[in-house]
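Residue-level structure breakdown
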Amino acid sequence: MSTDAPAPSGVEEVHVLWISEGMSCDGDTVAVTAATLPSLEDVVLGAIPGIPKVHLHNKVLAYETGEGFTRAFHRAADDELGPFVLVIEGSVPNENINGDGYWTSLGNDPDTGEPITLNQWIDRLAHKAYAVMAIGTCATYGGIHAMAGNPTGCMGLADYLGWDFRSAGGLPIVNIPGCPVQPDNFMETLLWVLHQAAGHAPPIPLDDQLRPTWLFGKTVHEGCDRAAYYEQGDFALDYNSPKCQVKIGCWGPVVNCNVPKRGWMDGIGGCPNVGGICIACTMPGFPDKFMPFMDEPPGGSVSSAFLSNAYGPLVRSLRAITNRTANKEPKWRHNRAELTSGYQPRRTGH
Ligand code: SF4
Ligand code: SF4
């Protein structure tokens, strides 16, 4: 998807207003504290050249509490704060069905003393933000809180604001899914948005689900280091195996995510690459379309049957023969009193 952001604006200071009061566990906030490329500290302390000065407002990390913390949000709503990026964490409940109460809120309205719902904050702030980012699968697509049978009728931010929403900076909602988000995936995306705000980057490339294309353009399977086992039809039958886990629940072949390729923190960890089936936690259909997680995915048995029964065993045995050959040194490497390498001195006769 091409974004129709306006010409570079050259913003010098940006506030990041981060609301984690959706249907949320704060897991994405916690995850992002593990980022290193860049770290939150790098961004907030100005260690990254070329981006605006950043003022972060996140309740888990803020020094301020209570009304001191919510002041920046009120000032933004009153057009007094300056340029800001709005980050939403957690799914957005349907407050049309909340009865006499509310599903979730941040702070109180000073005039009425009533809680201000997440939805009211989004209504007040989203159109004024330079960019609006949805962090984690709950905020992007609804996620676990929006699964069948939930009482809040919650949804992702684009379901609430509309998929054709544009921020004041001309950007669509920027979705960075994951449950939780992979730390560097979010920080890289934020860095792009900040560079764009500074006028130093082209419009951020997003796919039709509003995900950054360079992060979510490939499948888990395409980046999984167990894919060689898959290709040889060699499948794990229990959870202690180093082999491909498609028969014990891995959805990797049909899931857009880079975690096995990237690792979790500094290249360490992941999911199927280190023994945990991919449950498709980045996907708009998560979790309902992938449950029960520990059953073999429907496509798994079809795609693996041919590999298991015919192609796989044949290819494995042929490769084993070649592997044995490759594991032997050539016969001319010896310490005998003769040269058998095939060397022939060049003859320069007159
Ligand atoms: S473990 Fe999952 S992602 Fe990895 S190769 Fe097997 S099916 Fe693909
Ligand atoms: S590999 Fe699968 S389970 Fe792991 S983070 Fe990506 S989508 Fe989620």
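All of these numbers come straight from a predicted model, not from anything done at the bench.

Some words on the UniProt feature "binding site: [3Fe-4S] cluster" (unreviewed entry) in the chain
When the UniProt feature table is mapped to this numbering, "binding site: [3Fe-4S] cluster" (unreviewed entry) covers Cys-278 and Cys-281. If you trace the backbone, Cys-278 turns up in the loop between helix H10 (259-262) and helix H11 (298-326). Residue classification places Cys-278 among the buried residues on the basis of a relative accessible area of 7%. Beyond its immediate chain neighbours, meaning those up to four positions away, Cys-278 contacts Val-220, Gly-249, Cys-250, Trp-251, Gly-252, Val-255 and Pro-272.

What to know about the site of ligand 1
Close to ligand 1 lie Val-220, His-221, Cys-224, Arg-226, Ala-227, Cys-244, Gln-245, Val-246, Cys-250, Gly-252, Pro-253 and Pro-272. Of the residues contributing to the shell around ligand 1, the split by class is 8 nonpolar, 3 polar and 1 charged.

Section: the packing of helix H3 (residues 66-77) against helix H4 (residues 118-125)
Angle between the axes and distance between the axes are the two parameters that describe a pair of packed helices. Their axes nearest at 9 Å, the elements H3 and H4 cross at an angle of 45°. Classified by the interaxial angle, the pair formed by H3 and H4 is oblique. When the axes of H3 and H4 are compared, the crossing they make is left-handed. Only Trp-121, Arg-124 and Leu-125 of H4 make contact with H3, whose side of the interface consists of Phe-73, His-74, Ala-76 and Ala-77. Residues belonging to the contact of H3 with H4 are distributed by class as follows: 5 nonpolar, 1 polar and 1 charged.

Section: the pairing of strand S3 (residues 84-89)
Across the 6 residues of S3, 6 count as buried, placing the element largely inside the fold. With burial as the criterion, each face of S3 is covered, one bearing Phe-84, Leu-86 and Ile-88 and the other bearing Val-85, Val-87 and Glu-89. By the bridge criterion, 5 bridges tie S3 to strand S6 (residues 131-135) in an arrangement that is parallel. Considered in S6, the bridge of Ile-88 is made with Ala-134.

What counts and what doesn't
Residues numbered from 1 in each chain as written. Chains lettered and ligands numbered in written order. Predicted model: local features only at pLDDT ≥ 70, side-chain atom pairs only at ≥ 80, totals over all residues. Heavy atoms only, no water. UniProt positions renumbered as here; feature names shortened; annotations may be inferred. Helix = DSSP H or I, 4+ residues; strand = E, 2+ residues; numbered from the N terminus. Buried < 20%, exposed > 50% of the residue type's maximum accessible area, 1.4 Å probe, protein only. Contact = heavy atoms within 4.5 Å. Near = heavy atom within 4 Å. Nonpolar A, V, L, I, M, F, W, Y, C, P; charged D, E, K, R; others polar. Axes fitted to C-alpha atoms, helices over the stretch in contact; angles between N-to-C directions. Parallel < 35°, antiparallel > 145°, perpendicular 65-115°, else oblique. Left-handed = near helix turned anticlockwise from the far one by under 90°. Pairing = 2+ DSSP bridges.

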